[in-house]
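Residues per chain are reported as follows:
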Amino acid sequence: MHELSIAQSILGIVQKEAEKQKPARIVAVGLRIGALSGILADALEFGFDAIKKGTPLEDCRLHMEEVPVSARCEECGHDFEVKELMFACPQCASASIRVTRGQELDIAYIEVDD
Ligand SMILES: [Zn+2]
């Protein structure tokens, strides 16, 4: 399962951060998941919940926000949100577009309780 290895790397990053934040406790991690990243939020949360057990991050929750797909037209420079995965410029109908957002998986913030 792809999401499980992603959950493991998130846990690793957050665990390092938890060491720095001591004695405060990390209670939540905010993630931004691109709609094109191929990551299933539910599966990621399930994996994270499974592997956090017995670690200092047992009470840490994931807050996930989906990032819509954005693109820029190479012909006219128009920036737009890609809806229903129609990869063409709504302004000039060019298919020569570059995806600018929507493929990422970022840790947006780490919430600490002290
Ligand atoms: Zn265009």
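Up top you'll find the structure we're talking about.
Residues numbered from 1 in each chain as written. Predicted model: local features only at pLDDT ≥ 70, side-chain atom pairs only at ≥ 80, totals over all residues. Heavy atoms only, no water.

Draft legend 1. Examining the overall build of the chain more closely. For the chain, the helix and strand inventory stands at two helices and six strands. Listing each helix as α and each strand as β along the chain from the N terminus yields α-β-α-β-β-β-β-β. Since a compact globule built from 114 residues should have a radius of gyration of about 13 Å, the 18 Å found for the chain marks it as more spread out than a globular shape. With respect to the principal axes defined by its C-alpha atoms, the chain has extents near 55 × 30 × 15 Å. Sorting the 114 residues of the chain into buried and exposed places 33% on the buried side. Sequence-distant contacts in the chain: of pairs separated by 6 or more residues, those separated by 24 or more amount to 68%. Total accessible area on the chain stands at roughly 7000 Å², and carbon and sulfur atoms take up 49% of it. A gap of 4 Å separates the mean positions of the 12 positive and 20 negative side-chain charges of the chain. (Helix = DSSP H or I, 4+ residues; strand = E, 2+ residues; numbered from the N terminus. Rg over C-alpha atoms; globule rule 2.2 N^0.38 Å. Buried < 20%, exposed > 50% of the residue type's maximum accessible area, 1.4 Å probe, protein only. Contact = heavy atoms within 4.5 Å. Areas by Shrake-Rupley, 256 points an atom, 1.4 Å probe, with all protein chains shown as cover. Lys, Arg positive; Asp, Glu negative; His and termini not counted. Charge placed at Lys NZ, Arg CZ, Asp CG, Glu CD.)

Draft legend 2. Local environment of the nonpolar core. In terms of nonpolar packing, the biggest core is built from 16 residues, with I10, I26, V29, L31, L44, F48 and L57 touching the most fellow members. Taken together, the elements giving at least two residues each to this core come down to helix 1 (2-21), strand 1 (25-34) and helix 2 (41-51). Once residues lying within four places of it in the same chain are set aside, the contact partners of V29 are V14, C60, R61, L62, H63, I107 and Y109. Within the second largest apolar cluster, seven residues are counted, among which are V69, F80, V82 and I97. (Core = buried A, V, L, I, M, F, W, Y, C linked by side-chain atoms within 4.5 Å.)

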